[in-house]
Structure formats: structure tokens, C-alpha cells
Amino acid sequence: MTTDYDLEAARPRGGRMPRRERRAQLLDSALEVFVAQGYHAAAMDDIADKAGVSKPVLYQHFPGKLELYLALLEQSCDTIIRKCRDALDSTHDNKQRVAATIDAFYSYVASESGAFRLVFESDLTNEPAVRQQVDRVTNECAEAIAEVIHDDTGLPDVASRLLAVSLVGMAQVSSRFWLDENGGIGRDEAAALVAGLAWRGIRGYPKTDEH
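Looking at an unreviewed UniProt entry, one finds the chain named TetR/AcrR family transcriptional regulator and attributed to Nocardioides panacihumi.

What follows is the structure, encoded as C-alpha cells:
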């Protein structure tokens with residue numbers, strides 16, 4: 001039986017493409033292969049075939065599989081960090097901020113691209129450069145949230161950061177658990193439940209000397 005993958009792999013190799021467009025195309029193809037196979041099982045041959053290019057063309061843009069993976073991972077990390085910051089900037093109502101931030105993580109893991117698996121479920125976290133990128137998601141999202149907590153509650157920076165890391169962890173773990181359960185509750189409802197839990201906790205730290 002001929003599969004969609006076979007049809008894509010058999011696609012005639014195209015002509016020249018602007019470098020930026022070619023790079024984006026290669027990253028899109030690499031994402032599909034890495035998400036489906038994991039880093040260790042994926043081969044540059046598979047990625048080149050998926051993109052409809054020769055291996056030399058692939059190597060013109062990325063000198064090796066690790067460099068390609070890191071470029072894709074950085075792009076994926078940038079996406080979730082941007083989503084988190086956009087959620088925080090979307091309103092000045094802190095209850096809505098909590099809901100928007102939690103929803104950003106649920107939206108990210110629910111994406112059909114599966115890019116979140118590179119960030120949260122990478123099989124290459126023993127590689128320092130990969131670990132650095134993965135940790136960057138928690139650190140930068142937590143920094144953005146901590147600023148809001150500090151400004152609104154007057155808590156010390158270290159306390160604000162601890163609460164922020166806790167919120168990020170709640171969003172990450174619960175969203176992945178929800179996706180793996182695959183049924184029983186819709187995305188919006190799941191995100192709202194977790195946001196409600198987070199808000200009931202974080203609103204207990206009002207900007208006052210009476211803690």
C-alpha cells in the first residue's frame with residue numbers, strides 16, 4: 001500500500017528556493033520526522049526525502065543531525081515562550097492572565113505539529129545544548145510570570161520566582177497529562193479547570209502587608 005509518506009518521499013525534487021524559504025521547509029520536514037521517530041531513530045536521509053531534496057542540499061543548511069535538531073528545538077522553545085508572554089500581555093486582569101497563560105500551554109501541546117514533544121519529551125536531554133534549550137522554557141516563562149507576581153503582590157523576587165516556576169510546572173505537566181489521557185474532557189474545559197486551581201492559589205497573595 002502506498003502511504004502519504006511514500007508519496008511525499010517520491011515527490012520530484014524541486015528547483016532552487018530562496019535560502020530562508022528552503023530552511024523553513026527543511027525545519028518543517030525535520031519536525032515531522034523527529035516527532036514521529038525521535039532523535040536517535042531519525043536519519044538525515046529520512047528528512048531529506050520528506051523535504052524532497054538531496055542530502056547535499058540538507059547539509060548546506062545544517063552540518064549535522066544535532067545542529068538541525070537544535071535549530072528546530074530553539075524554534076519550538078521560542079514559540080511556547082512567546083505564547084506565554086503574549087498571554088501575560090493580553091490583559092491587566094490577573095485572573096484572566098492566569099487563564100490565558102494556562103491555555104497557552106494547553107494550546108501548544110494540542111497543536112497538530114507535535115512540536116511540544118521536542119521541548120517536553122526530548123530523548124536527547126543528556127546533551128547539554130538540548131538541556132539548555134529545554135530549561136530555557138521554564139526559566140524564561142517563569143521570569144515573565146514572576147515579574148507580574150512581584151509587581152502585584154510585593155513579594156520578594158525569590159518568592160515570586162518560586163511561585164512562577166510552580167505555575168509553569170502545573171501548566172506543563174497537566175497539559176501533557178491531559179493530552180496523553182486522550183479523551184473525557186475537552187481542551188478548553190481542562191485548561192479552565194487548571195486555571196481555576198491556579199487562580200484560587202495565587203490570589204491568596206494580595207498586595208498588602210497582611211500575608
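**Q** What is the right way to read the UniProt feature "DNA-binding region" (unreviewed entry) in the chain from this model?
**A** The sites that carry the UniProt feature "DNA-binding region" (unreviewed entry) are, in the present numbering, residues 43-62. With 75% helix and 0% strand, the stretch residues 43-62 has end C-alpha atoms that lie 13 Å from each other.

**Q** When you look at helix H6 (residues 94-110) in this model, what are you seeing that I'm missing?
**A** Every α-helical turn comprises 3.6 residues, leaving residues that sit three or four positions apart pointing alike. Here H6 is 17 residues long and its end C-alpha atoms lie 24 Å apart, about the 24 Å a rise of 1.5 Å per residue gives. Among all positions in H6, only Asn 94, Arg 97, Val 98, Thr 101, Ile 102, Ala 104, Phe 105, Tyr 106, Tyr 108 and Val 109 are buried. Where H6 is buried, its residues meet helix H5 (65-89), helix H7 (116-120), helix H8 (128-153), helix H9 (157-181) and helix H10 (187-202). Of the residues flanking the start of H6, the one acting as N-cap is Asp 93, its side-chain oxygen 3.0 Å from the backbone nitrogen of Lys 95.

**Q** Looking at this structure, I do not really get the pattern of salt bridges. What am I missing?
**A** Any two side chains of opposite charge can pair, on the condition that their charged atoms come close. This structure, assessed with the given rule, holds ten salt bridges. In this structure, Arg 85 engages Glu 140 in a salt bridge whose closest nitrogen and oxygen atoms are separated by 3.2 Å. Of this pair, Arg 85 sits in helix H5 while Glu 140 sits in helix H8; the two residues are 55 residues apart in sequence, bridging distant segments of the chain. Residue Glu 140 is classed as partly exposed on the basis of its relative accessible area, which comes to 21%. The residue Glu 121 makes a salt bridge to Arg 117 at a minimum N-O spacing of 2.6 Å. Within the structure, one salt-bridge network assembled from shared partners comprises Asp 78, Arg 85, Arg 136 and Glu 140.

**Q** Any chance you could explain the environment of Val 33 here in plain terms?
**A** Looking at the element boundaries, Val 33 is found in helix H2 (residues 19-41). Sequence-wise, Val 33 and Ala 43 are ten residues apart; in three dimensions their C-alpha atoms are separated by 8.4 Å. Residue contacts for Val 33: discarding those within four places in its chain leaves Gly 38, Ala 42, Asp 46, Ile 47 and Lys 50.

**Q** Hey, could you run me through the packing of aromatic side chains in this one?
**A** To describe a pair of aromatic rings, one takes the distance between the centres and the angle between the planes. Under the defined criterion, the tally for this structure stands at five aromatic pairs. Measuring from ring centre to ring centre gives 6.0 Å for Phe 34 and Tyr 39, while their planes differ by 15°; the resulting arrangement is stacked. Take Tyr 39: its relative accessible area is 12%, and that puts it in the buried class. Between the aromatic rings of Tyr 106 and Trp 178, the centroid separation amounts to 5.7 Å while the plane-to-plane angle is 50°, which identifies the pairing as tilted. With a gap of 72 residues between them, Tyr 106 in helix H6 and Trp 178 in helix H9 connect regions that are remote in the sequence. A relative accessible area of 1% places Tyr 106 in the buried class. A network of ring pairs unites the aromatic residues Phe 34, Tyr 39 and Tyr 69 as a single cluster. The side chain of Lys 65 reaches across the aromatic face of Tyr 39, ending 4.4 Å from its centre.

Conventions used here
- Residues numbered from 1 in each chain as written.
- Predicted model: local features only at pLDDT ≥ 70, side-chain atom pairs only at ≥ 80, totals over all residues.
- Heavy atoms only, no water.
- UniProt positions renumbered as here; feature names shortened; annotations may be inferred.
- Helix = DSSP H or I, 4+ residues; strand = E, 2+ residues; numbered from the N terminus.
- Expected span 1.5 Å × (residues − 1).
- Buried < 20%, exposed > 50% of the residue type's maximum accessible area, 1.4 Å probe, protein only.
- Contact = heavy atoms within 4.5 Å.
- Polar contact = N/O pair within 3.5 Å; in protein donor to acceptor, adjacent residues only side chain to side chain.
- Salt bridge = Lys/Arg side-chain N within 4 Å of Asp/Glu carboxyl O.
- Phe/Tyr/Trp six-rings, centres within 6.5 Å; stacked < 30°, edge-to-face > 60°.
- Lys NZ or Arg CZ within 6 Å of the ring centre and 35° of its normal.

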